[in-house]
Amino acid sequence: MNKVYDNIIIGSGITGLTIARQLLSKNIDYLILDQNSSLGGKISTISSDGYNLDNGFQILLKDYPKLNLFPEINQINYKTFKSGFAIKKEKKIFKVLNPIKNTTAFFYNNTFPGFTIKDKYLLIKLFILSNKYENLDIDVITFLKNFGFSKIFINDFFISFFQGVFLDKKLNVPIRYFLFIYKLFALSDVCIPKNGINEIMKEISKKLDLKKIKQKTKVNKISNNYLTTNNGETLYFKKLFCTDPSLENIIDTVINKSLFKNIKYNATKCFYFKVRIKNVVDTLIYLNPESKIITNMSFNKLKDNEFILSASTLLLDTNKDTIENEILSYFIDMEEISFIKQVEVLSALPSNQEFFNYKNKSFYQYTNDIYFAGDYLSEPSLNGSIQSGINVVRSLY
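Below you will find a few notes about this structure. Values in this document were obtained by computation on a predicted structure and should not be read as measured data.

Rules behind the numbers
- Residues numbered from 1 in each chain as written.
- Predicted model: local features only at pLDDT ≥ 70, side-chain atom pairs only at ≥ 80, totals over all residues.
- Heavy atoms only, no water.
- Helix = DSSP H or I, 4+ residues; strand = E, 2+ residues; numbered from the N terminus.
- Expected span 1.5 Å × (residues − 1).
- Buried < 20%, exposed > 50% of the residue type's maximum accessible area, 1.4 Å probe, protein only.
- Arc of directions from axis to C-beta.
- Pairing = 2+ DSSP bridges.
- Phe/Tyr/Trp six-rings, centres within 6.5 Å; stacked < 30°, edge-to-face > 60°.

1. Concerning helix 2 (residues 117–129)
Right, so step 1: Here helix 2 is 13 residues long and its end C-alpha atoms lie 18 Å apart, about the 18 Å a rise of 1.5 Å per residue gives.
Right, so step 2: D119, K120, L122, L123 and L126 are the residues of helix 2 that are buried. All buried residues of helix 2 lie within an arc of 165° about the axis, which places them on one face of the element.

2. Quick word on the pairing of strand 17 (residues 306–313)
Right, so step 1: A large share of strand 17 lies buried, amounting to eight of its eight residues.
Right, so step 2: Across the two faces of strand 17 the burial is the same, with E306, I308, S310 and S312 and F307, L309, A311 and T313 all buried.
Right, so step 3: Pairing geometry for strand 14 (residues 265–276) and strand 17, over eight bridges, is antiparallel. Within strand 17, the residue paired with K274 across the bridge is I308.
Right, so step 4: In terms of strand pairing, strand 16 (residues 294–303) meets strand 17 through eight bridges, oriented antiparallel. Across the sheet, K303 pairs through a bridge with E306, a residue of strand 17.
Right, so step 5: Hairpin connection from strand 16 to strand 17: two residues lie between these consecutive antiparallel strands, with N305 at a positive phi of about 65°.

3. Observations regarding the packing of aromatic side chains
Right, so step 1: Summed over the entire model, instances satisfying the criterion amount to 46 aromatic pairs.
Right, so step 2: Here the aromatic rings of F178 and Y182 are separated by 6.3 Å at their centres, their planes lie at 20°, and the arrangement is stacked. Of this pair, F178 and Y182 both sit in helix 5 (residues 175–187), four residues apart, which is roughly one turn of that helix.
Right, so step 3: Residue classification places Y182 among the buried positions, given a relative accessible area of 4%.
Right, so step 4: Consider the rings of Y364 and Y366, whose centres lie 6.0 Å apart with planes at 85°: the pair is edge-to-face.
Right, so step 5: The buried category is assigned to Y366, whose relative accessible area is 1%.

4. Considering unusual backbone geometry
Right, so step 1: Phi angles above zero are rare outside glycine, and E90 is one such case at about 55°.
Right, so step 2: With respect to the helices and strands, the residue E90 is situated in the loop between strand 7 (84–89) and strand 8 (92–97).
Right, so step 3: Look at S258: it is not a glycine, yet its phi comes out positive at around 55°.
Right, so step 4: For S258, the location among the structural elements is in the loop between strand 13 (234–242) and strand 14.

Below you can see the structure in the form of structure tokens.
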């Protein structure tokens, strides 16, 4: 007689692990299947030349509401960024503090060309009154213009900074989500685990039973109550949780709805270099609004004057030589630079507004026994991934 699993979860990214942890908290059995050899999905870290490099530049907003589900991640050793950024304008680098979190940042010397007292006032006004605008049906850039920000400041700050957050130069996200992220950056600690972003996933997975996780297991076909894998297994289930919309492509045509056939993702490419340079701050994110190529840069200190530099771009056809030349034009006093690795993330963040907070549930019941959950049905963030996993389990148990 075939064994029937109560719950099978496909994918060990943050949504899959959230579903497993939620089931565990209710003493309900589960099995995780993942095609990779390590847990974490896109929240992964690779080793290259002895350095831990994240799968694209990723940061953690410590005040994401749903992170309270995993208090154990507070034990991780983090590098915390200053609340602000560095920006190059008119051949000079300016270091700017967040005027909402730092009261001294209202003074005149905490600025850059195009950043005025009026802009600082409007930033605080937007923070205080943001709830008033959450339900507007308007694109983000038009909203910012109507709010009173100058075209220069919108380009040099909002687009320059948030294009690296949303992976979209047009900031094409719902206004409610934009304001949610804006307020988080205004108040939250922004950090990165010192040993790589995957430390978060390792910590979350520690409470799970490794015997209930099958790695290097790719699902080949999904039918109404069973699936088949690349290992020749046929696994029967009562409930199946799919955490990647592409899994719809292997669902039996009899029950396939083609719901996610047009789903799209924003992509990014990250270049890592080892550099020697003085007078940089490794706790600031560096912006360059005058560049059409690099979205942001960040330094990870190795020792005095030696760093791993990450440079991100939204242009996938960009090569390392182009990026290196831009870096050298930005930091004219850089002493040494050597290329380590480039990472391309094609499905970095979902970009389909029609699926945001899908049907006010953030998950989808595909059949009586098959469910889809993930950031593509919630919001394109770690918080959205966790919310989706929580919601789908609560709807069933």
